[in-house]
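Now for the letters of each chain:
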Amino acid sequence: MTAIDRMFLITFVRSYLIVLVSLISLFIVIDLFTHLDAFVNKPGGFAASVRHITTYYGNRVPEFFDLLGNFITLIGATFTVAWMQRNNELLPLLSAGVPTRRAVRPVLLGAAVTLALGPLNQQFVIPEVADQLTMQRDDPNQAKAQALMGAYDASGIHFEGFAGYRKELKVDRMCVTFPETSPSGMLHLFAEKAHFIPKNGDDPLTGGWLLTQTTPESFEGDLPTNLTVLGTSRFFVKIQDADYDAVCRGGAWFVYASTTELRSMLIDPEPRRRGKMAVLFHTRMTRPFVGMLMVVFGMAVILWNPNRHVIISSGLCLAISATVFLSTIACKYLGDQDVLPAALAAWLPVIVFGPPALVALDSVHT
């Protein structure tokens, strides 16, 4: 790497950090002043409010980065190339016989590194703050009731409830529906109170839901799947993946799971695996490639015509990037609706826009 390469790479990193800090700061400021009442006038005074604000938005930075990471890299790369052109930094290199594609190689390298931060964020950071991401602004202790979406367990049992309390992992008025394949056939069990007990070693009465004040109070004949009778109106339901988070988040309970966890759930032979989970897994695999295509397209638009006004070039770059992004969303939607296979829904944007991106980069002047 030459001195020019290091200069261009440092310029890209500086642009990337400026865009990252600016967008995150803008998001925090707008959201904070829009919902300021949820943070102030709380027990503990000013210091408690500051701690709550810091914790709440600090946990949401990874989620915001997950949403806009590709666009931050795109803006940083295109701004770097446009700045190089404006300052005529490319002209001496071109006069010395250095191809344009070689000159901007450090920017492509920096873009590849920053795009790799997205999968790392999904794998290691977001799962660690997943519980905090479901926290309400005005409930720092997670003591207020939450609306529950309901969820299916891998065994086919469906759980739904009226209200949940994350701090205590309790649910009011839970309804448990056992599938037709259960030894007892389809059956409904209603409990006034339900408490999720996390798995603790080999204890058989952990890793499931403790149901109390149930209707019916007892069963005759074969018991439903994974159900243990503890007494009158007291039952324990063993689960595989329908924990409190799953019941709270509903059909999208797995969006905060790491990529490794998604893969483990997909290779489970249980036939009730959700198609959306497979689409999400493959989309995570293709996300860095889609981001690099956006960067290549954006840089090619800037470099196609160095005499074009920067605003026009920015508009074209925005239009092409929006096309790639909207196509990715459309393909994901078709995959979620089982119109396209999960793998094809994720890889189709790469297949469609990959060759044009390479042609666009190859066609820039040298």
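Everything numeric in this text was worked out from a predicted model, so none of it was measured.

Draft legend 1. Spotlight on the pairing of strand 6 (residues 227-231). Note that strand 6 and strand 7 (residues 234-238) share 4 bridges and pair antiparallel. Directly across from Leu227, in strand 7, lies its bridge partner Val237. Linking two consecutive strands that pair antiparallel, namely strand 6 and strand 7, is a turn of 2 residues; a positive phi of about 65 degrees is found at Ser233 within it.

Draft legend 2. Seen up close, the pairing of strand 5 (residues 208-215). Buried residues dominate strand 5, accounting for 6 of its 8 residues. Here 7 bridges tie strand 4 (residues 187-197) to strand 5, and the two strands are oriented antiparallel to one another. Residue Ala194 lies in a different strand from strand 5, and its bridge partner there is Leu211. Pairing analysis gives 5 bridges linking strand 5 to strand 7, with the strands arranged antiparallel. Within strand 7, the position partnered with Gly208 by the bridge is Lys238.

Draft legend 3. Up close: the packing of aromatic side chains. Following the criterion strictly, the structure yields 12 aromatic pairs and no others. Pairing Tyr56 with Tyr57 gives two aromatic rings, centres 5.0 Å apart and planes at 90 degrees, and the pair type is edge-to-face. By relative accessible area, Tyr56 is classed as buried at 4%. On the accessibility criterion, Tyr57 (3% relative accessible area) is buried. Between Phe71 and Phe325, the aromatic rings sit 4.9 Å apart at their centres with planes inclined by 70 degrees, giving edge-to-face as the arrangement. With Phe71 in helix 2 (residues 45-86) and Phe325 in helix 10 (residues 310-336), this residue pair connects regions lying 254 residues apart in the sequence. Aromatic ring contacts, followed pair by pair, group Phe27, Phe39, Tyr56, Tyr57 and Phe64 into a single cluster. Just above the ring of Phe162 sits the side chain of Arg173; from NZ or CZ to the centre is 4.8 Å.

Draft legend 4. Layout of the packing of helix 2 against helix 9 (residues 275-304). Close contact between helix 2 and helix 9 brings their axes to 9 Å; oriented N to C, the two are set at 25 degrees. One way to sum up the angle between helix 2 and helix 9 is to call them roughly parallel. Helix-helix and strand crossings are classified by hand; for helix 2 and helix 9 the assignment is right-handed. Looking at the contact of helix 2 with helix 9, its residues break down into 12 nonpolar, 7 polar and 2 charged.

Draft legend 5. Summary view of the pattern of salt bridges. If you walk through the whole model with that rule in mind, you get 7 salt bridges. When the shortest N-O distance is used, the salt bridge between Asp245 and Arg166 registers 2.7 Å. Here the residue Asp245 occupies a position in helix 7 (residues 244-249), and Arg166 occupies one in the loop between strand 2 (158-165) and strand 3 (170-178), the gap between them amounting to 79 residues. On the basis of relative accessibility, which here comes to 18%, the residue Asp245 falls in the buried class. Here Asp172 ties to Lys193 by a salt bridge, and the two come within 3.0 Å at their closest N and O atoms. Of this pair, Asp172 sits in strand 3 while Lys193 sits in strand 4, and the two are 21 residues apart along the sequence. Under the relative-accessibility criterion, Lys193 is labelled partly exposed at 42%.

Draft legend 6. Structural context of the sheet that holds strand 3. A sheet is described by the order of its strands in space; here 7 strands give the open sequence 1-2-3-4-5-7-6, paired in antiparallel fashion. Of all strands in the sheet, those bounded by a partner on one side alone are strand 1 (151-152) and strand 6.

Draft legend 7. A look at unusual backbone geometry. In this structure, Pro216 follows Thr215 across a cis peptide bond, with omega equal to 0 degrees. You can see Pro216 is positioned in the loop between strand 5 and strand 6. The backbone of Gln213 sits at a positive phi, close to 55 degrees, despite the residue not being glycine. Looking at the element boundaries, Gln213 is found in strand 5.

Rules behind the numbers
Residues numbered from 1 in each chain as written. Predicted model: local features only at pLDDT ≥ 70, side-chain atom pairs only at ≥ 80, totals over all residues. Heavy atoms only, no water. Pairing = 2+ DSSP bridges. Helix = DSSP H or I, 4+ residues; strand = E, 2+ residues; numbered from the N terminus. Buried < 20%, exposed > 50% of the residue type's maximum accessible area, 1.4 Å probe, protein only. Phe/Tyr/Trp six-rings, centres within 6.5 Å; stacked < 30°, edge-to-face > 60°. Lys NZ or Arg CZ within 6 Å of the ring centre and 35° of its normal. Axes fitted to C-alpha atoms, helices over the stretch in contact; angles between N-to-C directions. Parallel < 35°, antiparallel > 145°, perpendicular 65-115°, else oblique. Left-handed = near helix turned anticlockwise from the far one by under 90°. Nonpolar A, V, L, I, M, F, W, Y, C, P; charged D, E, K, R; others polar. Salt bridge = Lys/Arg side-chain N within 4 Å of Asp/Glu carboxyl O.

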